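# Observations on chain architecture
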Amino acid sequence: MIRFVCSSLTIKKRLSTNKSSYFNHIRKKTSSATEYNLVYNRDSGIVSKLISHDDTSAQWKPLFRSVIGIEIHAQLKVPTKLFSSGPTKHHSSYKSEANSSASLHDIAYPGTLPLLSRSSVRNAVISATALNCTIQETSRFERKHYNYPDLPFGYQVTQQRWPLAKEGRLICRRYIPPPLKKSKGKRSRRTKEKMDDSSSIITNATNDDLSTFFEVGIDRIQLEQDTGKTTAVSSDGSTRYLIDFNRAGSTLIEIVFKPQIYAAHEAASVVSTLQSLLRYLGTCDGKMEEGSLRCDLNVSVCPISGDVDNYVSGRDDDIDNPFHAYLPKGIGQRVEVKNLNSLKQIIHSTEYEALRQSTFMLNGHPTKRETRTFDPKSGRTIKIRDKDGAVDYRFMPEPDLPPLRLDKHILGTNTLQEFLDENLPELPEQAIRRLMNNNGISEASALIITSDRSLIKFFEDAVSTCIHELEQRDKVVDQKVISTAIANWLCNDLLALSKESIEKEKGSNREHDNEGNSYYLVENFNVDALRLGCLVSLVLDQTVSTTQAKKLLSVMYHKDKESLPLDIAERNGWRLITDMETLKFICQKVIFDAKNEKQLQQYKMGGKHVQKMTKYFTGKIMAESGGNAHPELMANALREVLDEVAPGVV
Amino acid sequence: MDEFGMGSLGTHSNNGYTVNPLPFLKDISFKDYIQRIQDGNVPLVNIGTDQSRNVLSPGGSSSGSAASVSMGSSIISLGTDTGGSIRLPAAWCGIVGMKPTYGAISRDGVVSYASSLDTVGILGPSTTCVGYTLDILRNVKSESTVEEEMDCFHHTVKDSTACFIDSVCQGEFKDEDEDEYGQLLNGMNVGIPAAFSVDGCSLPVRDAWERSMERLIQCGATISVVSEDYISPETVKLSLPAYYVISCAEAGSNLARYDGLRYGSFYAPTPSPNRRRESQFAYTRSMGFGREVQRRILAGTAVLSSDRFHTHYEGAANIRAAITKQFQHAFECGGHHGTGGIDVMLIPTVLSGPPIVAGKDAQPLDSTEAFQNDVMTVPISLAGLPSISVPVNTLDGNSKENGDWQPIGMQIFGPRKSERQILRAAHALHSMVMKQDGSSSS
């Protein structure tokens, strides 16, 4: 490890009011700024002031709304660094021990030169196309200079004036915060629709006054280098900083969204939609907790129109702001909050900033442009530097690299279009619509299946196996029925098993799971598409019952990871009895059993005893059949046998 | 050499100045001298211990490389040429120095000064030595398949700015029979760019320039004056400041990594409680870097700052683009009456002889004045063109005895990737110089 000594940051406690009370309400949709009785609505982005209240009702006056811009740094899922052959965490030879995976170029060893990684460019092009951007056939690299120990060159290679892609947009699914956790012991039983804790996005467009989707513009997407990682270690009042260069030089794409986001939950929607999209494309693993996806927010507040002139001094007068045209009249100076690592932090820091800036606007001292960071412990943002302390990045064309031309050498195809035709998959929203329309499965299931391309493939393989199996046995079942059955077995039963075993491994640390950690790694399944398809075919042609199939799946998942379901069923004697003669025989055997003599007599008495005794016999017969009797057919057989024994009772 | 390649005189070094060995080689005739080097029979040089003796600059920044070839301790040496760092010392040390097309030799492993200008080149006693060495070192495009692990461009050449040139010596460098000299450069059109005829050019250099033209004509070449319509004196004049803006900007950036944490000597300052990291960096860098390097880093930082970028850096980049275009245009159609093209151009490498850097007549050196030594070399560097400096004023003859003898180099340069052409012309010129001076002294 390389060490350097530095005095610890002094945190200026600038806030005059006690704001800790904001976060006594973090689970509520709103929280109040004590001084002015302000509340922030995370869905609408409106800051309101309490003007009167009594025991039953309160009256709020909307004063400001938040305007948010987002910059996202996504680490691309490629095996080597952007400009060197150094391994990333996606490479088999990567070692996580500090500084053991950095190549000479990654630590800026004099004499080493950058060599552009093709797969980085390809992944960036795929991501940018999925984000509806215009891909630039020629882009350029530039050096951005600043001095920090985890930046080995003293500059970052990025794309400032000629980015890889421009002018895109992202259709976002609205984010719904995960439900409050009830007391620990009483976890309600999962309903079929709500299997997935992390599906915290709206799944039904009609049940809310906000529409399911909204669109946010993207200004640009650029390729750039990641830095090393600094860790502070404090002892004896001084702080030492340890630097790990393993990450240095990894490929990032920076995605700059236009300030067309107006509420905390919208900001979370943008990030969660982007996260699932990149994961789906396979271009980024989306792990916010590991820093694979990092987020910077630009938050400002704007007086609700009609009220603009009351807050003149707060106006954003930065003419260099490229987004000037997008900003509403009278908006305050923007504040940048850097390095947010979860959806929760995004929501909380937006809310904190909206309330803080509103408070300062109200008391006549609007906040200035500054850079802040979010402290998850206190739930506050903390100032790092103001605009006067801004760094002059001294951008300069990168002389060690020629312009990036998307030619055959980089893409491996003759044209960009050809490359995209070969490499851009069906996008998630298209896949969702296809699964819902063609296969007739529910939106909730479609959302789960399309969270991962390998899961779609798994689903499709299982469906075709099932169809094939049924055809082999001359059974005709509607294709939509098959699809729905596969979707249910996959999303409800198989994923539940997978989730369970992961939780067992991980312990009960569920903090990140709500942030969308993917359970659906097909590699984690012990049951492949072929076996699931076979299993569902057995259910559909009534070879086994649903209950038996669940037992089968459990055996397939935990014990027998090889055999086909039919073999396991036969070995265990799990086979649905559907033959009427056999069922009747079992019924007769139970009814005429001497032990059941009394019950049979009671039945014969009729009246209220009929229902009770039928139930009794059903249980006995089911036990006699070893649980294999087909429930409805067995009920019919029983009725027939009882009618013969005691005609006229019913 | 000069620290990080920054300097024209070989004086900016932690270990003092480099000595030009030429005045100490007086007793050997030029022809014998070349012969002895090529035979591996090293001429011994005794510099002596006389402190008052005048020491001439060998030129910089590749001072040691040039001096070692000049005194015969090495048969060839390598250097980098950013704005003339091979050609200038070659001229002042009386040897051949070649800067090929930018990127022709990989920069992999070269500590960067100004990345867009740094060019690896060769210094040697003759064009033959230089040509053969270039053939070995030049980047060769590999047809091999992509190495999965690397996943990068140009797997065999670890330099993204590499350019690929053809082999330069295919039977080119045999000793010519005397009567063949007239055929050597048959059909070659040599341009003399009027814009490079500047006031600062000393009389001996001007004479040598004219004699060199005559010698090339004797070899069968045609001479055309390239008019100022093609290459403007204004652009040539502005090339020098443009060069310093660009090279300082890139140097400031490339040298940012020497902060004492990973690279560069670490100097611990007296602890100050505030902004300790910044003061540590600053102290390390002021202690570690020499004065000239610090001057250039500061200049580079200044020209890239947001209030100067457009006026300075972009201005320089525009001049660079202009001179590049003018050269290209001149080579394409700058010949007689604007009809024909130009194959190579001939200009002096440097306008005057080496200054005295130590001894009783040593002059105080002004850094900005020293920049003037590069005026003939930097326009070619900015355009990334191949250029070779040939010694045309040999050690022999009477002038050597009367003390005012000065080594003079002539530069032959051509369009991109024209290494073979410029070596052909340089070989002819050098052979003529050796033949004529050799015969006159015998």
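Bear in mind that the values here come from a model prediction, so they are computed numbers and not experimental data.

Another aspect to go through is the overall build of chain B. Scanning chain B from N- to C-terminus turns up 12 helices and 10 strands. The buried share among the 442 residues of chain B stands at 59%. If you take every contact in chain B between residues at least 6 apart in sequence, the share linking residues at least 24 apart comes to 79%.

Of regular secondary structure, chain A possesses 16 helices and 20 strands. Once local pairs closer than 6 in sequence are excluded, the contacts in chain A between residues at least 24 apart make up 73%.

Residue and element names in this part refer to chain B. It is the contact of helix α6 (residues 233-254) with helix α8 (residues 291-304), at a shortest axis distance of 7 Å, that shows an interaxial angle of 100 degrees. Between α6 and α8, the interaxial angle falls into the category roughly perpendicular. The segment α6 lies against α8, with Y244, V245, C248, A249 and G252 engaging R296, I297, A299, G300, V303 and L304. Considered class by class, the residues forming the contact of α6 with α8 number eight nonpolar, two polar and one charged.

Further remarks concern the sheet that holds strand β8 (residues 142-145) of chain A. Residue and element names in this part refer to chain A. Strand order in the open sheet made by the three strands is β9-β8-β19, with antiparallel pairing throughout. Edge positions in the open sheet fall to β9 (155-158) and β19 (396-397), since each of these has one partner strand only. Across four bridges, β8 lies against β9 in antiparallel orientation. When the bridges of β9 are listed, H145 appears paired with Y155.

With that out of the way, let us pick up the sheet that holds strand β2 (residues 77-81) of chain B. Residues and elements named next belong to chain B. Overall, mixed pairing links the eight strands, which are arranged β2-β4-β3-β9-β10-β7-β5-β6 in an open sheet. Unpaired on one side and paired on the other, β2 and β6 (222-226) mark the two borders of the sheet. For this sheet, the mean inter-axis angle between neighbouring strands, taken without regard to orientation, is 25 degrees. One ladder, built from five bridges, connects strand β9 (residues 387-391) with strand β10 (residues 409-413); its direction is antiparallel.

Before going further, it helps to spend a moment on the layout of surface pockets. Roughly 1500 Å³ of volume is contained in the second largest pocket. Surrounding the second largest pocket, 48 residues form its lining, R140, L401, P402 and P403 of chain A together with Y102 of chain B being those nearest its centre. Every element with two or more residues in the lining of the second largest pocket is listed here: β20 (404-405) and α4 (408-411) of chain A together with α6, α9 (309-333) and α11 (378-383) of chain B. Per element, the largest residue contribution to the lining of the second largest pocket is 11 residues, and it comes from α9 of chain B. Across the lining of the second largest pocket, the residue classes break down as 26 nonpolar, 10 polar and 12 charged.

Let's shift gears to the side chain of Q357 of chain A. Position of Q357 of chain A among the secondary structure elements: in helix α3 (residues 343-362). Apart from the residues lying within four places of it in its own chain, the contact partners of Q357 of chain A are V299, S300, V301, Q333, V335 and T367 of chain A.

Across the boundary between the two partners, chain B contributes 43 residues, which contact 43 residues of chain A. Across the interface of chain B and chain A, roughly 3700 Å² is buried in total on both sides, 55% from carbon and sulfur atoms. On the surface where chain B and chain A come into contact, there are 14 residue pairs in polar contact (both at pLDDT 80 or more). Residue assignment for the side of chain B that touches chain A shows that the elements contributing at least two residues are α6, α7 (276-288), α8 and α9 of chain B.

All names here are of chain B. Within chain B, residue pLDDT values average 83, and 81% of them lie at 70 or more. Segment residues 144-150: pLDDT under 50, and 10 contacts once partners within four positions in sequence are set aside and those in other chains are kept. Across the predicted assembly, pTM comes out at 0.81 and ipTM at 0.89.

Residues and elements named next belong to chain B. Following the sequence through the fold, W209 ends up in helix α5 (residues 203-218). The buried category is assigned to W209, whose relative accessible area is 4%. Separated by 51 residues in the primary sequence, W209 and G260 place their C-alpha atoms 48 Å from one another.

This part covers unusual backbone geometry. Of the consecutive residues G60 of chain B and S61 of chain B, the connecting peptide bond is found in the cis state with omega at 10 degrees. Along the chain, the position of S61 of chain B falls in the loop between β1 (55-56) and α2 (63-70). Positive phi, normally seen in glycine, also occurs at E167 of chain A, with a value near 50 degrees. Here E167 of chain A lies in strand β10 (residues 165-173). On the basis of relative accessibility, which here comes to 43%, the residue E167 of chain A falls in the partly exposed class. The backbone of R394 of chain A shows a phi angle near 45 degrees, a positive value even though the residue is not glycine.

Going through the model one piece at a time under the given rule, you end up with 15 aromatic pairs over all chains. Aromatic ring contacts, followed pair by pair, group Y109 of chain A together with F4, Y258, Y263 and F289 of chain B into a single cluster. For the cation-ring pair, R140 of chain A lies above W162 of chain A, with the distance from its terminal atom to the ring centre recorded as 5.1 Å. Directly above the aromatic system of Y393 of chain A lies the positively charged group of K144 of chain A, at a separation of 4.3 Å from the ring centroid.

Among the nonpolar cores identified, the biggest contains 216 residues, and I70, F257 and L532 of chain A together with I231 and F327 of chain B are the most heavily contacted of them. In contact with I231 of chain B, other than residues within four places in its own chain, are P193, A195, F196, V226, V236, I323, Q326, F327, A330 and M345 of chain B. Membership of the second largest hydrophobic core comes to 19 residues, among which are I586, C587, M613 and M634 of chain A.

With that out of the way, let us pick up the environment of I192 of chain B. Residue and element names in this part refer to chain B. Tracing the backbone shows I192 in strand β5 (residues 189-193). Judged by its relative accessible area of 7%, I192 falls in the buried class. I192 has contacts with W209, M213, I223, S224, V225, V226 and L346, leaving out every residue within four places of it along the chain.

All names here are of chain A. As a packed pair, helix α14 (residues 597-605) and helix α15 (residues 608-624) sit with axes 8 Å apart at the nearest point and diverge in direction by 145 degrees. Considering the relative orientation of α14 and α15, their crossing is left-handed. Here Q599, L600, Q602, Y603 and M605 of α14 lie close against α15, whose contacting residues are H609, V610, M613, T614, Y616 and F617.

A few words now on helix α11 (residues 546-558) of chain A. Its 13 residues give α11 of chain A an end-to-end C-alpha distance of 18 Å, which sits within 8% of 18 Å, the value for a rise of 1.5 Å per residue. For α11 of chain A, the complete set of buried residues consists of Q548, A549, L552, L553, V555, M556 and Y557 of chain A.

With that settled, the discussion passes to a nonpolar patch on the surface. Residue and element names in this part refer to chain B. A cluster of nonpolar side chains, contributed by L78, I136 and L137, occupies part of the molecular surface with about 280 Å² of accessible area. As for its placement among the helices and strands, I136 is situated in helix α4 (residues 127-137). With relative accessibility at 69%, the residue I136 sits in the exposed group.

Here we take up the side chain of T450 of chain A. Residues and elements named next belong to chain A. Tracing the backbone through its elements, the reader meets T450 in the loop between α7 (443-449) and α8 (453-472). Looking at T450, its side chain comes within polar contact range of the main-chain oxygen of A446, at 2.7 Å. Here T450 is in contact with Y280, P428, A431, I432, L435 and I456, once residues within four sequence places are set aside.

In this section: the pattern of salt bridges. Here the idea is simple: oppositely charged side chains can pair when their charged atoms come close. Tallying each qualifying case throughout the model produces 41 salt bridges over all chains. A salt bridge links K89 of chain A to D285 of chain A, with the nearest nitrogen and oxygen atoms 3.9 Å apart. Here K89 of chain A is found in the loop between β5 (58-75) and α1 (118-130), whereas its partner D285 of chain A is found in the loop between α2 (264-281) and β15 (293-303), with 196 residues between them in sequence. Taking relative accessible area as the criterion, K89 of chain A reaches 30% and is therefore assigned partly exposed. In this structure D285 of chain A comes out as buried when scored by relative accessible area, which is 11%. The residue R161 of chain A makes a salt bridge to E314 of chain B at a minimum N-O spacing of 3.2 Å. On the criterion of chain membership, the pair formed by R161 of chain A in the loop between β9 and β10 and E314 of chain B in helix α9 is interchain, its members lying in two chains. On the basis of relative accessibility, which here comes to 33%, the residue R161 of chain A falls in the partly exposed class. For E314 of chain B, a relative accessible area of 26% puts it in the partly exposed group. A single salt-bridge network, built from bridges that share partners, covers R143, E398 and D400 of chain A together with R107 and D159 of chain B.

Analysis parameters
Within every chain, residues take consecutive numbers counted from 1 along the sequence as written. Labels follow written order: the first chain is A, the first ligand is 1, and so on. Since the coordinates come from a predicted model, pLDDT governs what is reported: local features require at least 70, and pairs of side-chain atoms require 80 or more to be given and counted, while whole-chain, interface and lining totals use all residues. Here the side-chain values reflect all heavy atoms present in the structure, with hydrogen atoms and water set aside. Counting from the N terminus, the helices are the DSSP runs of H or I reaching at least four residues and the strands are the DSSP runs of E reaching at least two. Burial classes follow relative accessibility: with a 1.4 Å probe on protein chains only, a residue under 20% of its type's maximum area counts as buried, one over 50% as exposed, and anything between as partly exposed. In this description, contact between two residues means that some pair of their heavy atoms is separated by no more than 4.5 Å. Comment: axis = line fitted to C-alpha atoms, over the contacting stretch for helices; angle = value between 0 and 180 degrees taken between N-to-C directions. An angle counts as roughly parallel when it lies under 35 degrees, as roughly antiparallel when it exceeds 145, as roughly perpendicular when it falls between 65 and 115, and as oblique in every other case. Amino acids are sorted into nonpolar (Ala, Val, Leu, Ile, Met, Phe, Trp, Tyr, Cys and Pro), charged (Asp, Glu, Lys and Arg) and polar (every other residue, Gly among them). Here, any two strands with at least 2 DSSP bridges between them count as paired. A cavity here means a set of points on a 1 Å grid, drawn over the protein atoms and nothing else, where a 1.4 Å probe fits but cannot get out; a pocket is an open set with protein on both sides within 12 Å along at least five of seven lines, and a residue lines either one if it has an atom within 4 Å of a point. Grid points are joined across faces, edges and corners, and a volume is the space filled by probe spheres set on the points. Note on terms: buried area is the combined drop in 1.4 Å-probe accessible area of two parts once they are placed together, counting the loss on both. Under the rule applied, a polar contact is a pair of N or O atoms within 3.5 Å (in protein, one hydrogen donor and one hydrogen acceptor; residues adjacent in sequence only if both atoms are side-chain atoms). pLDDT measures how confident the predictor is about each residue, on a scale from 0 to 100. Each aromatic pair joins two rings of Phe, Tyr and Trp (for Trp, the six-membered one) with centres within 6.5 Å, and gets the label stacked for planes under 30 degrees apart, edge-to-face for over 60, and tilted for any other angle. A positively charged side chain is recorded as over a ring if its NZ (Lys) or CZ (Arg) lies within 6 Å of the ring centre. The angle to the ring normal must also be within 35 degrees. Remark: nonpolar core denotes a set of buried residues (Ala, Val, Leu, Ile, Met, Phe, Trp, Tyr, Cys) joined through side-chain atoms within 4.5 Å. Left-handed is the label given to a crossing in which the near helix is rotated counterclockwise from the far helix by less than a right angle, and right-handed is the label when the rotation is clockwise. Each residue after the first adds 1.5 Å to the expected span of a helix. Here the term patch refers to residues with relative accessible area over 30% and no salt bridge, with like charges joined within 9 Å and nonpolar side chains (Val, Leu, Ile, Met, Phe, Trp, Tyr) within 5 Å. Here the accessible surface of atoms and residues is derived via Shrake-Rupley with a 1.4 Å probe, and residues count as covered only by protein chains that are part of the display. By definition here, a salt bridge exists when the distance from a side-chain nitrogen of Lys or Arg to a carboxyl oxygen of Asp or Glu is within 4 Å.

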